[in-house]
Every structure is written in C-alpha cells, then in structure tokens.
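# Structure at a glance
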Amino acid sequence: MKTPVLLCVLLFSQSWTFEFIFDGEWESETSGPSDQYHQSWRYRRNVLTSGEEEDFEAIQGNDITVKSYKVESRITLRFAHTTVKSSVLNSGPSAQSIGFNVQIPKRAFINNFTMNVNGNTFVGSVKEKTVARNLYALARARGKAAGIVRTNSQSMETFRTEVHVPPGSKVEFELHYQEMMQRKLGVYQHTLHLQPGRLVPLLQVDVYIFEPKGIKFVTASNTLGEQFADLTKITHTKDKAHIVFRPTLQQQRKCENCTESAVDGVFTVNYDVERESNAGELQVSDGHFVQFFAPSDLSPLSKNIVFVIDVSGSMWGLKMKQTVEAMKAILDDLSMDDYFSIIDFNHNARCWSEDLVQASSIQVDEAKKYVQSINKNPGTNINEALLKAVQILVRATNQGLIDPRSVSMIILVSDGDPTVGEIKLSTIQKNVKRVMREEFSLFSLGIGFDVDFDFLERIAMDNRGIAQRINANHDAADQLKAFYSQVSSPLLRTITINLPENAVNNVTQNRFDKFFSGSELIVAGKLQPSDLTTLQSFTTAAAANVDLNIQTEADIRELDSVLGTHQHSFSGFARQMWAYITVNQLLAERSLAPTASKKRRITQRIVALALEHQFVTPFTAMLVEGHDQGRAERLIADSPRDSKHGCCSATAPPVQRLVYSNPPWLLPTVAPNPKEVAGVQESIIPGHITGVDSDPHFIIHLPKSNMDICFNIDSRPGHILNLISDPGTGVTINGQLVGSKKMKNNKIQTYFGTISIYSKTDSVQVIVGTDRINLMEGRNNHSFSWGATVELAVNRMRVTIVKEQHVTVMIDGKISVMVLLHRVWKKHPVQVDFLGIYMSSDNKYSKQVHGLIGQFAKEPKVKVYGVHEGADPKKKKATMEVKGNKLAVTRGWQKDFRRDKKRGSDVYCWFIHNSGKGFIDGSYTSYILPQLDSFLTAI
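Since this is a predicted model, take the numbers as computed values, not measurements. (Residues numbered from 1 in each chain as written. Predicted model: local features only at pLDDT ≥ 70, side-chain atom pairs only at ≥ 80, totals over all residues. Heavy atoms only, no water.)

### Quick word on the overall build of the protein chain
Along the protein chain, the regular secondary structure elements total 14 helices and 53 strands. Taking all 939 residues of the protein chain together, 56% fall into the buried category. (Helix = DSSP H or I, 4+ residues; strand = E, 2+ residues; numbered from the N terminus. Buried < 20%, exposed > 50% of the residue type's maximum accessible area, 1.4 Å probe, protein only.)

### Concerning the nonpolar core
One finds Leu492, Ile733 and Phe919 to be the most contacted residues of the largest nonpolar core, which totals 90 residues. With sequence-adjacent residues up to four places away left out, Phe919 is seen in contact with Ile700, Ile709, Phe711, Gln855, Phe856, Val882, Lys883, Leu887 and Ile912. Counting 54 residues, the second largest nonpolar core, distinct from the first, contains Ile64, Ile75, Leu194 and Leu203. (Core = buried A, V, L, I, M, F, W, Y, C linked by side-chain atoms within 4.5 Å. Contact = heavy atoms within 4.5 Å.)

### A short note on the confidence of the model for the protein chain
A residue-level look at the protein chain finds 85% of positions with pLDDT of 70 or above and a mean pLDDT of 84. A low-confidence stretch, residues 640-660 stays under pLDDT 50, and its non-local contacts, those more than four residues away or across chains, total 84 contacts. Counted against residues more than four places away or in other chains, residues 670-686, with its pLDDT under 50, gives 27 contacts. (pLDDT = per-residue confidence, 0-100.)

### Quick look at the packing of helix 4 (residues 318-333) against helix 5 (residues 361-372)
Where helix 4 meets helix 5, the axes come as close as 10 Å, and the angle between the chain directions of the two elements is 175°. With respect to helix 5, the element helix 4 is oriented roughly antiparallel. Facing Val324, Met327, Lys328, Leu331 and Asp332 of helix 4, the residues of helix 5 in contact are Val364, Ala367, Lys368, Val371 and Gln372. (Axes fitted to C-alpha atoms, helices over the stretch in contact; angles between N-to-C directions. Parallel < 35°, antiparallel > 145°, perpendicular 65-115°, else oblique.)

### Here's the deal with the side chain of Ser414
Mapped onto the fold, Ser414 is located in strand 24 (residues 407-414). On the basis of relative accessibility, which here comes to 0%, the residue Ser414 falls in the buried class. Ignoring anything within four residues of it in the chain, the contact list for Ser414 reads Asp310, Phe345, Ile382, Leu445, Gly446, Ile447 and Val451.

### Re the state of the cysteines
Taken as a whole, this structure holds two disulfides when the rule is applied. Sequence-ordered numbering of the bonded cysteines in the protein chain yields a pairing of 1-2, 3-4. (Disulfide = S-S within 2.5 Å.)

### Some details on the sheet that holds strand 30 (residues 521-527)
In spatial order, the strands read 18-19-30-28; together these four strands make up an open sheet with antiparallel pairing. Two strands bound the open sheet, and with one partner strand each, they are strand 18 (281-285) and strand 28 (504-505). With six bridges joining them, strand 19 (residues 288-293) and strand 30 adopt antiparallel strand pairing. By the bridge assignment, Gln291 is partnered in strand 30 with Val523. (Pairing = 2+ DSSP bridges.)

### Some words on the packing of aromatic side chains
Each aromatic ring pair is described using two quantities: the centre-to-centre distance and the angle formed by the ring planes. Enumeration according to the criterion identifies 19 aromatic pairs in this entry. Judged by centre distance (5.2 Å) and plane angle (65°), the rings of Phe109 and Tyr580 are edge-to-face. In this pair, Phe109 is assigned in strand 7 (residues 109-117) and Tyr580 in helix 11 (residues 573-591), connecting sequence segments 471 residues apart. Judged by relative accessible area, which is 1%, Tyr580 ranks as buried. Ring geometry for Tyr758 versus Phe935: centroids 6.4 Å apart, planes at 65°, classification edge-to-face. Residue Tyr758 is located in strand 40 (residues 750-759), and its partner Phe935 is located in the segment after strand 53 (928-929); the two are separated by 177 residues in the primary sequence. One aromatic cluster is present, built from ring pairs that chain together Phe79, Phe109, Phe570, Tyr580 and Phe615. It is Arg78 that lies over the ring of Phe292; its NZ or CZ is 3.8 Å from the centre. (Phe/Tyr/Trp six-rings, centres within 6.5 Å; stacked < 30°, edge-to-face > 60°. Lys NZ or Arg CZ within 6 Å of the ring centre and 35° of its normal.)

### Overview of the environment of Gln479
Relative to the assigned elements, Gln479 resides in helix 9 (residues 476-487). Residues Gln479 and Gln468 lie 11 residues apart in sequence; the distance between their C-alpha atoms is 9.6 Å. A polar atom in the side chain of Gln479 sits 2.9 Å from the backbone nitrogen of Asn471. (Polar contact = N/O pair within 3.5 Å; in protein donor to acceptor, adjacent residues only side chain to side chain.)

### Side note on the packing of helix 11 against helix 12 (residues 596-613)
At a minimum axis separation of 10 Å, helix 11 and helix 12 run at an interaxial angle of 160°. As judged from the angle between their axes, helix 11 and helix 12 are roughly antiparallel. Seen from above, helix 11 lies across helix 12 with left-handed handedness. Along its contact with helix 11, which presents Arg575, Gln576, Trp578, Ala579, Thr582, Val583, Leu586, Leu587, Glu589, Arg590 and Ser591, the element helix 12 presents Lys598, Lys599, Ile602, Thr603, Arg605, Ile606, Leu609, Glu612 and His613. (Left-handed = near helix turned anticlockwise from the far one by under 90°.)

### Topic: helix 11
Since the α-helix turns once every 3.6 residues, residues separated by three or four places project in the same direction. For helix 11, built from 19 residues, the straight-helix expectation of 27 Å at 1.5 Å per residue is met to within 8% by its first-to-last C-alpha distance of 27 Å. Counted residue by residue, helix 11 has 17 buried out of 19 residues, so it is predominantly covered. (Expected span 1.5 Å × (residues − 1).)

### A few points about unusual backbone geometry
A positive phi angle is found at Asn118, which is not glycine, with a value near 50°. By the element assignment, Asn118 lies in the loop between strand 7 and strand 8 (120-128). On the basis of relative accessibility, which here comes to 42%, the residue Asn118 falls in the partly exposed class. The residue Ser694 is not glycine, and still its phi comes out positive at about 60°. Topologically, Ser694 is positioned in the loop between strand 35 (689-693) and strand 36 (697-702). By relative accessible area, which is 15% here, Ser694 ends up buried.

### Quick notes on the sheet that holds strand 11 (residues 183-184)
Ordered in space as 11-12-17-14, the four strands form an open sheet in which the pairing is antiparallel. The two strands at the open ends of the sheet, each matched to only one other strand, are strand 11 and strand 14 (215-222). Inspection of the sheet shows strand 14 paired to strand 17 (residues 265-273) by seven bridges, in the antiparallel sense. Among the inter-strand pairings, Ser221 is bridged to a residue of strand 17, identified as Thr268.

### Observations regarding empty space enclosed by the protein
Scanning the entire structure with this criterion turns up seven cavities of 30 Å³ or more. One number sums up the size of the largest cavity: a volume of about 80 Å³. Considering the residues around the largest cavity, the lining is formed by Arg78, Lys213, Glu274, Arg275, Glu276, Ser277, Gly280, Glu281, Phe292, Phe293 and Ala294. The class makeup of the residues in the lining of the largest cavity is three nonpolar, two polar and six charged. What the second largest cavity holds in volume is close to 70 Å³. Around the second largest cavity sit Phe307, Thr323, Ala326, Met327, Ile330, Ile411, Val413, Leu445, Leu480 and Tyr484, which together line it. At the level of elements, helix 4, strand 24 and helix 9 are the ones that each hand at least two residues to the lining of the second largest cavity. Among the elements that make up the lining of the second largest cavity, the one with the highest residue count is helix 4 (four residues). (1 Å grid on protein atoms, 1.4 Å probe; cavity = no way out; pocket = protein on both sides within 12 Å on 5 of 7 lines; lining within 4 Å. Points joined across faces, edges and corners; volume = space filled by probe spheres on them. Nonpolar A, V, L, I, M, F, W, Y, C, P; charged D, E, K, R; others polar.)

### Some points on the pattern of salt bridges
The full count for this structure, using the stated rule, is 35 salt bridges. Shared partners join several salt bridges into a network, and the residues in it are Arg78, Arg183, Glu211, Asp272, Arg275, Glu281 and Glu520. (Salt bridge = Lys/Arg side-chain N within 4 Å of Asp/Glu carboxyl O.)

Here you go:
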C-alpha cells in the first residue's frame, strides 16, 4: 500500500497569505478555460533523485528560528501512533515561506494535522475526498495554494507543507500518523527520519513501547554518526521500554564551532516480544480483539521454487550484476529437501531445466554457472516466462514429485514493463491466474522505478504472494537476499484462525496460505455484546508432517485495566488496528475487483471506515480548517488515487473447535473438592489407573485381582528409567530423573523431569519436559511450551497439550498416556518442577512388552494373607506371594493427582519396599537405559 500522503493548501487570510509548494506534475480530470481554482486535480507520482534526497530538510526557510523539533511514538502491541511537532519563528525582517516536511512510512495513515499561526489554529478532519475538495474550492479562489508528496525510497514518502507568514510570526506544526508494525526476520522495526537541516535548541525523540506479554529485546540503531553513539538512552523493563534521543545544541554541531547540524539520518528502533507458546497472543481492548500468531521452534517445510529473471537490455549493468550476486547467495541457501529451476527471459523465455531438480550441491553449482553466463537481449516477455514457470510446477505436481506438504512458489525479478508477446497487463494477469493452482504462490520483485509496480503488486496479490520494490543501487543484492530470507523458511500451510461466531463480528482476514519464520499473522475484529468474561480463538495449521490445532484465550477486561495505568500506552490501539487492517485489505480487494460496480461498493466501505477512524486514504482527504475574525480558512490533505496493499477478503468461516476428547480414564484436573478444602479428607479412586508420580511413586493396578500395588524407586538424578518397552508395537516410554535442590534427611529426592514416548514404527518421539514439549518426526523437530492448549496429529500419533496441565499421547488408538505437570514455587528452597505419568489399564500392548510398568500387562498371580496391625494403626501389614517370592508388605496409600494436582486423591495399595524388589523382574537397575528412545534388552 502506498502511504496516504499530504497535499496541503491554505487559503486567503486578511492579514497574511498562506502558500504551499507546488512541485510536481498534476493534470486535471476536467478542464475549463475559466478559473483554475475550480479545477479538480489528479496526482501523478513524481520520484526524487538521490540528489534531491540530500536536500531534504524537516524545516525549511531563511532567517527563521526553530525553537523545537519533537518526535514521539507510542507503540502498543505492535501499533504505533507517531506525533511530529515543531515550533518555528520568522525572525527575518520580511514575510516569507516556512516549510514543514516529514518523511513517513508508506504503510502509515496520516490521521491528524494541526497548525497554529500567531494563535490562529487550523485543525484537521478527514472527509470524503469530493466533499473536502468542494469545501476547499469555496474559499480557494481568494488565494493561491498547491502541494505535493513525493517518493524518495522504497519505504518512505514525504509530507510537505509551506506557509507564508509575516515577520515575527510564530508557527507551530503538528502531524500525527499511525501504522502497524510488521515483523520481518524476527524483528519489529520502527523508523523515524531526523533531518532538521539546522541546529535546534530543543531536539527530542521519545519512543514508548508497551507489550504486556513482555519485550524480548529492544535496540536503537545509530545511523546518525559516531558523535551520537552514546546519546540514545534505553530504559527497559519486562513489558515497557522508553527510548530517548535528546542531543544538546552543542552535540548537534558538525564540528565544535560549526553552525550546521550533524543530525541527518534515520533513527531506528528494533524490538521483539516474548512468546510463551506457539499459540500466539490474544488480546482484547476497547470492544475489539487482536490475535497475534508467530510460532517458532517448528521444522521448516520443504520448498519448490522457480526463479524467473528478467535479462532484457535494461537490466544490464549494475542491476544484473546485483541480481547475479544475489542469486548465487540464494541458491547456496537452498537445502537438500528443496527443488528448484530457473527461467531467464527477454524477447523469449528459456529454462535452465524444464523440470524441478533437487537442490544438491552439484545442481546448485550448475545453476550458479548458468546464472553467471546469462547474456542480454532486447525485449521483455513476462507472459511467456510466468506461464512456463507455472507449467514446471504443474508438471512436477502431476508427476507426484512434489511433497503435498511442501510450499511451491514463483519468484519474479524484473525492472520493466512487457514489450514482447502479450503486453496487455490485465491479460497477463488473467493468463497467470487461469493456470495457477491454489497451492502455488507468486512473489514479484520490481527493480528500480521504471517498472510498473502496481502491476507487480496486483499479479502477486492475485496469486497469494506479495510484491516488493528493490532500489537499483549498490545494495540491491542485499535487498534481494533480504526479501528471499523472509520467504526462505516456511513453517506452516493452510492456517485458519477462528473465534466463536456468537462472540465476534467484522473479523479481518483469518485464512492464510502460508506462514514464514520470523513473520507474524494478525487477525482482528469486534466483540459482540455478551456476558462472556473470556474470549477463545482456535487455530488450525499444517506443519511438516504434523497437523496443529491450537486454542488460545484472553480475559476480556484485563488489558483495559492494565492500559489505564500506563501513561504512555495507546489506549485506542485495538480499535485503530482493526480499522487499519480492514482498510488495507479493502484497498487490496479493490485493486483486484473485476468490475467497476464492485470497486464502487468497496470504495464506499473504505470511505466509511476512513471517516470513522480519521485516516487519510486514496479516497479521503483531510480538511484543515481555522477561523480568523469570523473568516473560515481551509487546507486540504490529499493522497494518490489508487494506493494498494494487503491481500484477501475477511470472511470468517464457522469456528472449528478442538476435536480432541479425553479418554474415559483421563480425568481433567479441576479445582479441589469443597469438602477437602474444608478439611474433610475424601478417599476416592477416580477410575483405575497405572501411573508414577511424585518422588517417584509407582501405582500398578491389577484388574484381575482388583488390587493396587505400590513401590518407590530410589535412583539418582540423570538416570533414565524404562517404563514401557514393547518391540512388538514399536513403543517405548522412558523417564529421566531430576533431583531436588537440596538434600532432605541426607538424601536427594528424585522426580521425573522428562518423559519420552517413542513410536519406532512411526519414527515419532514426544519428549515432555517441565519447560517444553518437543515432537520429533524424522528430521523434523517441533517445540511447544506449556503456555497454550494445542492438538497435534502426526502419522498414527495424536498429541494434546492442555495449557499448564497435562499432555496426552494416543498411539494408533490403542495406547494412551498422560503426562501431568507439577509446578512448584520458583523460589522453593528444595523442590523442583516435575512430571507425573498415568496410563490406561486398557492399553493394548504386544506379548513382548516389558518395563517397570509394561511387565504387568501380563498380570502376575498375587496372594495377600496374614493381615495384621503394625506400629501405625492406619498401616496394616501382611505377606504377599508373587512371582515365587514372599514379600512383607504394608497397607497404605499413594496419591492420584489427576483430579486435584495440589492435594491429590488417595489410592489405597499394598506397598512393596526396597524399590519394588521381588515384585518387579530383577533389580530396578536393570531398567536404567542410556537414551530416552532406548528399548530394554532382556532381563
């Protein structure tokens, strides 16, 4: 999207004339020989040259005194509100023009501009463009005015105003704009251009960041020169940051006695946020919700890429040299799992390979040699090149060569419009759309400003991709490589973020074709009136051989109460962010609309939103009005006609909730029984189970005997104990012990700190720790925290993580296991976080199963007799005959923590001493394994 830009015009005044720069090409949509002031104007983009960039100054004019120049940005949950203020005095002997210029990001929306001239205040309000022009025209005939906004880089545009004021006049300018931070390569970047052009007594930049989930890091890049290296101060707490740059008048000087300012460059703040889980972050504020989704710790999907490179005559020289350099680096970045081909085109298109080839070192070297040897020829046949690229992907798909979970894309690099073959842009767009498949994406890179970038944007958006302009200069290769880095590591496909239909409406785009590492998906919407106190979202996605189903929730009132206590947060961020996303998506939808009537309907929606949220868009303008002695005076802030950015519609499909349901033996963790809280201890057995919990206590349920047997294992921290080893089903379940922080009774207590569930048949291993849950499948490794409810499906295995509670693993519908998380106070002097593990007595193992628990799948005969009182009347003693052994046993109880993790429920059992000796086969030391995925050898 090209940023809303400002064309300011101020009218006649009784005491002075306001005059704005007219510095570009304009043409009238309707011409009339009479009065030039009543013409309607259409903007034609004008590009600054590198020399003009150097002439940029925030404040322009001779014999003026700049009192202050202040920039303040408030970033709240990735949404930034920036204010630029300047106070200027005409200290010369005569009336003159004073300019106020601000470089703003293309993606930003101007939403307010005010100016005060000697106490006469002009205040801005956004109106539909025709209405604003008509109001302006009523007064325009009395004075003269003009304005322009020009592009001088791939990411910034310049707001320019100029006002003509008498000597001694004081002018105060204030510009507001808003933008949503985009995450690229794991970083949010906030850029402010500081080029005052003169020394300023009060020059100050303040950037306030508030991220309630926590700020991972924050830095401020110094591009202003060595003398400013230590002047930026960063105050950083868990969830807030304040970045301030405040050079004194002396520190601004180029040299000790210079009168020129050294402040000339970009002030950049980079940061990222903490993400406690791969579920993302759901926030609710001001009647709106925002869902951020940026998972990590997932294995990347393999890629199928066709590079389409323009090698026409206009590309030669520096452009081609930079492209070749970038292509070599990009080819080196391909992995063995990737497939690729290259098409270069001028008057015709030729393929390095008619088929996709694996990115082996040999093929990559051959491709690099081919790119290096490309020769120039006249002509630009984009149509043929793109159709051939699609043909390569389609043929590979039809031949079954493409992994259905891989990502297929075409990357087009061009610097010009088509001149050979099909040259009508709309026809090319239709041709490509017709042959492209839903699983393919097209990314367009336009080098320089000669290319029709609007066309590249449309054709990319029409085919699930994005476009980017590349500056044709010495660092074009770095720009190309940076863009490729953004799409080089796809982590997910077919992502859908749903929320309950009865709780939300006006949801922005919630279906996404792909998610790339280091980026972020954002969905926003409005809340419907309800009595709900929490809001839930449900995300489905496909990772490398794993299907994800993720549940996230947020307290509806929590964030607003927090925002109210933060002085520098932007309390209206959620409302404005929703409107910002919606307008951008509508602009993108409009650019692809096939009919004029549909364009008109979309335009009406854009205008309505822009008026409500005060955004200057291609279809609205800002009318800046003031009153002097009863006379209305007006400026107008305008923008280009057809700004475009974003993609896709915002239709919300029905909510698909998690399909997982607990097996009957797995009781959910719930609040303690009220009677237990009151001190009345209830002994309940909530379903027969076999499990291990605490330090570690084994509970073995014997169904035929209707009996529970318990024993402890006294081992050492770090030891890996086998619980289930079943070569017949290919399943082994092992637990690694962790020790307490201190000794108790001259002994280190041990607990299970890690549980591994490995299915050799599926080559899938789930490793559950107290911090994270890792799922490994072949070369793929996916990692999740305990911070969200997530369901995973891979091969025959289904894994469900219930937030901060437990993980359940179901293998082929026959073996189910639950791992329970026990959290302790972080500063506890002795205890550590640990895990409990519970298994269904109905698990279906093979006859080969063994292990500390597995051996009892074949239930031994047990006889208990001679029950008598012991020293403790609550713990009777007896003799047990089992496996040919006579054992002295004690009647007691252990805890089942499935229902209540704090207190547990009593399970009465016969306790066997000496680490289960006589009840288990051999000694417990026979069950110590070298690795988490090891199977037992014979005991």
